[in-house]
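# An overview of the molecular structure
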Amino acid sequence: MTEVIYRLREVGKERSKGGVSFVLNVPELTVHRGEFIAVVGASGCGKSTLLDMLALVLAPTSLSSFTIRARLGGERKAWKREELSDNDLARIRRSAIGYVLQHGGLLPFLSVRDNILLTAAISGATLDEDRFGHLVARLGLGDQMGKKPQHLSGGQRQRAAVARALVHRPVIILADEPTAAVDHPTALEIRDELRELASQAGSAVVMVTHDRSLVAGIADAEVHFSLQRLSPARTVSTTIVWRGDTRVRQPQARTSA
Amino acid sequence: MIVRLAFRDLLHDWLLSTCLVLAIASIIAPLLILFGLKSGVIGVMRGRLVEDPANREIRPAVSRRFPRSWFEQVRGEHPEVAFVIPMTRQISTSVTAVAPGGKRTPLSLMATGADDPLLTENGAAVPGKGACVLTDGAAAALAIDPGTDLRFEVTRIVHGQPEKARLSLRVGAVLNARASGLKAAYVPLEVLEAVEDFRDGRAVPAFDWPGRLPEAYPVYDGVLVLTREPLAKLEQIRLISGTGFSDLKTLSAAEAEELLNFPPAPGWHICRVAVKKRPAGEESVRAVRHKLRGTGAVVLPWIRPLAVKLSGAGGGTSIPLRLFALDPQAARVGGPEELLPTSSREPHIACSDDIPLQGASLLTVTVDGRSLSLPVSVFGKALSPGTAMAATGLAGRLNLLRQRDLAWDQPSATLLLSRRGYAGFRMYTRTIDQVEKMEQVLARQGITVHTKKQRIAEVRRLDRYLGLIFWLIATVGVIGGVSALTASLYASVERKKKELNMLRLLGFLKREIVLFPVCQGLILSGTGLAVAGMVFILVSRVIDRLFSSHLRGAESLCTLHANQVVILVAGLAVSSVCSAVLAALQAVRLDPAEALRDE
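Model, not experiment: these values are computed from the prediction. Counting from 1, residues in each chain are numbered in the order their sequence is written. Written order decides the labels, with chains lettered from A and ligands numbered from 1. Given that this is a predicted model, residues contribute local features only at a pLDDT of at least 70 and side-chain atom pairs are listed and counted only at 80 or more, while totals for whole chains, interfaces and linings are drawn from all residues. Based on all heavy atoms of the structure, the side-chain values leave hydrogens and waters out of the count.

Elements are defined by DSSP. Helices are runs of H or I of four residues or more, strands are runs of E of two residues or more, and each kind is numbered from the N terminus. The number of helices and strands found in chain A is seven helices and eleven strands. Expressed as a percentage of its 257 residues, the buried residues of chain A come to 54%. Throughout, a residue-residue contact means that at least one pair of heavy atoms, one from each residue, lies within 4.5 Å. Across chain A, every contact between residues at least 6 apart in sequence was considered, and the portion connecting residues at least 24 apart equals 69%. Here the Shrake-Rupley method, with its probe set to 1.4 Å, supplies the accessible areas, and only the displayed protein chains count as covering residues. When the accessible surface of chain A is summed, it comes to about 10800 Å², and 48% of that surface belongs to carbon and sulfur atoms. Buried residues are those whose accessible area, probed at 1.4 Å on protein chains only, stays under 20% of the maximum for their type, while exposed residues exceed 50% and partly exposed ones sit between those limits.

Right, dumping it as structure tokens:
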């Protein structure tokens, strides 16, 4: 069995805004090394919330277990989320996680090249020039490197964001609707590039999308959401994980069985 | 790295950065100019009024005699007195100055000396020997520049004939106009003393000016009258009426020996005719002799014995002696022979044989706190042990030391009268705050003085009010400036919120994120300050140029001290850092994800 990167058990996040509360329940989620996981759902179901929790930038409100396997302070092991300080989380983020945002999230004041190299610079990873050249060539960014992000097309911007998420060889790549802002053919290209480059690097990918057709039959696992409106002011969303055609059993079911 | 990113961001947004820099500069520049004006204007005013030595001057209101010792006492006992110098009588300070070009003008001479604040604080060095410092008015009247030689003419009238003395002094410097409105020359004290001496008819050997020497004159405490027959009552009264003596006493032989320092020959009736208080001069002795003319009486001038000390010419132990007068006529009544002149110019002194001194010696007379030393030739005589005798004239002159300072003048081999003192003084306290205290000290000595008390009070009040007004304006300005600066920086951090949270997502630590706007704030406010500084320098130049006709030398109406600049820079840095940290903490308070999606 490959290494487990994320193991979440009964992790919950409740957010309230203007008297309306939304609860996301993750009964079970396990991400193995090198897997491609798709998080699919309509807007407002909690996809981004889940992704942000995985990105360690959003703290769960309840959990029974949340571990992430990463290198921290020279030690590589499964760290318990609740035992990590803000700075530890930031250090894990900089070395173990690559992040692709819906609109790229590139820094406007840096050139494309500097944007891509930023993650490598922060994490202190040594840069393999061949690999960097390959990455840039594969994403078709070769002649865009000196430009500022605002001069790129949407697709190029997303590709630059993909390059930035990959260049420091993180074990996890979190992509939040990376293709939402581009047309369908480009979306497919970017999806393929992301998948291919991540698998070359041995990184696990968790990709959020509202478009199931983009990931159907490709993902190792799909995370879906089941929404329950308990009252006009309270919505509960529970994740359901499918691996192929099999619905992964929920822990409650297992304990009750 | 975060510093580099912050800088790159500023460069990327160069238009906005420029706006911010200009905004900050426009906040700081008026503040700089305000502070510059405050310290410049106040500085110039203080320089002119508070620090002007003229305002610290103390002058006696009426002429009085101030002995030398008084000046030494003032210098020694009052540390608040920065400078005090004697002044001669007003009348004897006026001279005529003649410039090389031929221009003539009457001038007042003023004495000066080391550390004279009127000179040193008005751009002039204290003149040394042979030099003088002119006031602005004097230099203008003579059309003369420093470095030229200026001739002074002093005139006096002797026996109805005008006499003129000349003196040449090099002009060392010209005082700033504020020092004095008078036409005056500041000269070393010796020059002023010499002018007064010349005016008074005396000679001044140092300047080669003719006149009489102020020779010491003999004074006596009485005479001893020796007669063959007792004096009749009428004759006795004649001796004390109109002679300057007032006290007559008949003496026994033993009493007379006590006063004469020798036993009088038998057969003489002796009486003492003495003064009650002020000693009498030679004319009194002559008057007594005149009245006893033809009676065969012997009249011997008498002084109260003087305590003297004799030592060898080369020093050595000094021997205390009592000095009596020895008149040539004493030999007629059993006294020692008179001292005959020798080739030696020094006065002769007869000493008792037991004194192991002979020839050239040093005689020191100390009486009533005055002291005098002179070279003498010593001759041994059969006198009572521990006594010495000097010829009547010398003894009488030495007796004058009881009233006046005397000095031995070697070139003329005479005893000269020393200057008794000075008619006035010029005094400066160290600060204007000490003027009043010193005025009280002098008032207790009975000396009424002129001071600039009123002016000082006005200046201090004005200084205080102006300071207060400037601080009020400055406080409002600073508060406004700090708020505007904080607001600008806060707003720029708010704009950067998304980027800041992006950086957090990429794994920057919280403290690094806070550093980002702090760096930007410092760069922006630093550049703003530099721009404001340039504006300030420009404006202060313009102000000084506009008012250049009212400014002297290094004065500036708009200037900042180094410590003010340091405070300003530090204050600006602190307020920029504080506002940036506040804004940054506000920006990273939320989970980065929430902030990112909060669009």
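To continue, consider the overall build of chain B. Per the secondary structure count, chain B includes 16 helices and 22 strands. Looking at chain B residue by residue over its 599 residues, the buried ones come to 48%. Contacts spanning at least 24 positions in sequence make up 76% of the contacts within chain B whose residues lie at least 6 apart. Of the roughly 28800 Å² of accessible surface on chain B, 58% is carried by carbon and sulfur atoms.

A few words now on the interface of chain A and chain B. Where interface size is given, it is often the accessible area lost as the parts come together that is meant. Chain A puts 30 residues into the contact, and the matching count from chain B is 25 residues. Carbon and sulfur atoms make up 60% of the area that chain A and chain B hide from each other, which totals about 2400 Å². Salt bridges are defined as contacts in which a side-chain nitrogen from Lys or Arg sits within 4 Å of a carboxyl oxygen from Asp or Glu. One can count three salt bridges joining chain A with chain B. Two residues, Asp114 of chain A and Arg8 of chain B, come together in a salt bridge whose shortest N-O distance is 2.2 Å. Take the accessible area each of two parts loses on contact, using a 1.4 Å probe, and add the two losses: that sum is the buried area.

With that out of the way, let us pick up the sheet that holds strand β18 (residues 387-391) of chain B. All names here are of chain B. In space, the six strands of this closed barrel follow the order β13-β14-β18-β15-β17-β16, with mixed pairing throughout. When the angles between neighbouring strand axes are averaged without regard to direction, this sheet yields 45 degrees. Think of it this way: DSSP has to see at least two bridges between two strands before they count as a pair. Pairing analysis gives five bridges linking strand β14 (residues 315-326) to β18, with the strands arranged parallel. Note that in β18 the partner of Arg322 across the bridge is Thr387. Only C-alpha atoms enter the line fits that serve as axes; for helices the fit covers just the stretch in contact. Angles between N-to-C directions range over 0 to 180 degrees. Helix α10 (residues 392-399) contacts β13 (306-312), β14, β15 (348-352), β16 (359-367), β17 (370-381) and β18 of the sheet and is inclined by roughly 105 degrees relative to β18.

Take the pattern of salt bridges next. This structure, assessed with the given rule, holds 42 salt bridges over all chains. Linking Arg138 of chain A and Glu196 of chain A is a salt bridge whose minimum nitrogen-to-oxygen distance equals 2.7 Å. With Arg138 of chain A in helix α4 (residues 129-138) and Glu196 of chain A in helix α6 (residues 184-201), this residue pair connects regions lying 58 residues apart in the sequence. The class of Arg138 of chain A is partly exposed, set by a relative accessible area of 28%. Taking the shortest distance from any N to any O, the salt bridge between Arg56 of chain B and Glu121 of chain B comes out at 3.0 Å. One end of the pair, Arg56 of chain B, is in the loop between α2 (14-50) and β1 (57-60); the other, Glu121 of chain B, is in the loop between α4 (117-120) and β5 (131-134), and 65 residues separate them in sequence. A residue is classified by how much of its surface remains accessible, and Arg56 of chain B, at 4% relative accessible area, is buried. Judged by relative accessible area, which is 33%, Glu121 of chain B ranks as partly exposed. One network of salt bridges, with partners in common, ties together Arg68, Arg89, Glu193, Glu196, Asp197, Asp200, Arg202 and Arg419 of chain B.

Looking now at the packing of helix α14 (residues 510-546) of chain B against helix α15 (residues 562-588) of chain B. Residues and elements named next belong to chain B. Interhelical geometry of α14 versus α15 gives an angle of 145 degrees and a closest axis separation of 8 Å. Classified by chirality, the crossing of α15 by α14 is right-handed. Contact residues: α14 offers Lys510, Ile513, Val514, Pro517, Val518, Gly521, Leu522, Ser525 and Leu529, while α15 offers Leu568, Val569, Leu572, Ala573, Ser576, Val577, Ala580, Val581, Ala584, Leu585 and Val588. When the residues that make up the contact of α14 with α15 are grouped by side-chain class, the tally is 16 nonpolar, three polar and one charged. In this scheme, a crossing is called left-handed if the near helix is turned counterclockwise away from the far one by less than a right angle; it is called right-handed if the turn is clockwise. Under the scheme applied here, ten amino acids are nonpolar (Ala, Val, Leu, Ile, Met, Phe, Trp, Tyr, Cys and Pro), four are charged (Asp, Glu, Lys and Arg), and all others, including Gly, are polar.

Let us now look at the pairing of β14 of chain B. Two faces, one strand: in a regular strand the side chains alternate between the faces of the sheet. Relative to β14 of chain B, β13 of chain B runs antiparallel, the two being bridged by six bridges. In the sheet register, Leu306 of chain B faces β14 of chain B, and the bridge partner there is Leu323 of chain B.

Moving on, we get to the environment of Phe109 of chain A. Mapped onto the secondary structure, Phe109 of chain A falls in the loop between β6 (97-100) and α3 (112-123). Between the C-alpha atoms of Phe109 of chain A and Lys148 of chain A, which are 39 residues apart in sequence, the distance is 7.0 Å. When near neighbours in sequence (up to four residues on either side) are disregarded, Phe109 of chain A contacts Lys148 of chain A together with Leu5, Arg8, Asp9, His12, Glu499 and Phe516 of chain B.

With that settled, consider the environment of Asp13 of chain B. All names here are of chain B. Structurally, Asp13 can be placed in the loop between α1 (2-12) and α2. Residues contacting Asp13, with those up to four places away along its chain left out, are Arg495 and Lys496. By the criterion applied in these results, polar contacts are pairs of N or O atoms within 3.5 Å in which, for protein atoms, one can donate a hydrogen and the other can accept it, and in which residues neighboring in sequence qualify only through two side-chain atoms. Within the structure, Asp13 has its side chain in polar contact with the side chain of Lys496 (distance 3.3 Å).

Residues and elements named next belong to chain B. If you trace the four strands from one edge of the open sheet to the other, you get β10-β11-β9-β12, paired in antiparallel fashion. Here the strands that pair on one side only, and so sit at the sheet edges, are β10 (247-251) and β12 (298-302). Neighbour-to-neighbour, the strand axes of the sheet open up by a mean angle of 20 degrees, direction not taken into account. In this sheet, strand β11 (residues 269-274) lies alongside strand β9 (residues 222-227) in antiparallel orientation, the contact comprising six bridges. Looking at β11, one finds that Thr227 is bridged to His269.

On to the nonpolar core. Joining through side-chain atoms within 4.5 Å is the link that ties buried Ala, Val, Leu, Ile, Met, Phe, Trp, Tyr and Cys residues into a set, and such a set is a nonpolar core. Formed by 63 residues in total, the largest nonpolar core has its most connected members in Tyr6 and Leu174 of chain A. The dominant element in this core, judged by the number of residues it contributes, is strand β2 (residues 20-32) of chain A, at five residues. In contact with Leu174 of chain A, other than residues within four places in its own chain, are Tyr6, Leu51, Leu54, Ala55, Ile97, Gly98, Tyr99, Val100 and Val206 of chain A. Counting residues in hydrophobic clusters, the runner-up holds 61 residues, among them Ala99, Ala124, Cys132 and Phe198 of chain B.

The next subject is helix α11 (residues 435-444) of chain B. Residues that lie three or four places apart on an α-helix share one face, since the helix turns once every 3.6 residues. All names here are of chain B. All of the buried residues in α11 are Val435, Met438, Glu439, Val441 and Leu442. Looking straight down α11, one finds its buried side chains confined to an arc of 160 degrees; they lie on one side. Buried residues along α11 sit in contact with β1, α3 (68-77), β2 (81-87), β21 (424-429), β22 (449-450) and α12 (453-495). What the arc covers is the set of directions going from the helix axis to the C-beta atoms.

Residues and elements named next belong to chain B. Side-chain rings of Phe, Tyr and Trp, where Trp is taken by its six-membered ring, are said to pair if the distance between their centres is within 6.5 Å; with planes under 30 degrees apart they count as stacked, over 60 as edge-to-face, and otherwise as tilted. In total, this model carries eleven aromatic pairs over all chains according to the counting rule given. Taking the centre distance of 5.7 Å and the plane angle of 85 degrees together, the rings of Phe71 and Tyr422 count as edge-to-face. Taken as a pair, Phe71 in helix α3 and Tyr422 in the loop between β20 (414-417) and β21 lie far apart in primary sequence, 351 residues in all. Tyr422 sits in the buried class, given a relative accessible area of 3%. One aromatic cluster is present, formed by Phe66, Trp70, Phe71, Tyr422 and Phe425 through successive ring pairs.

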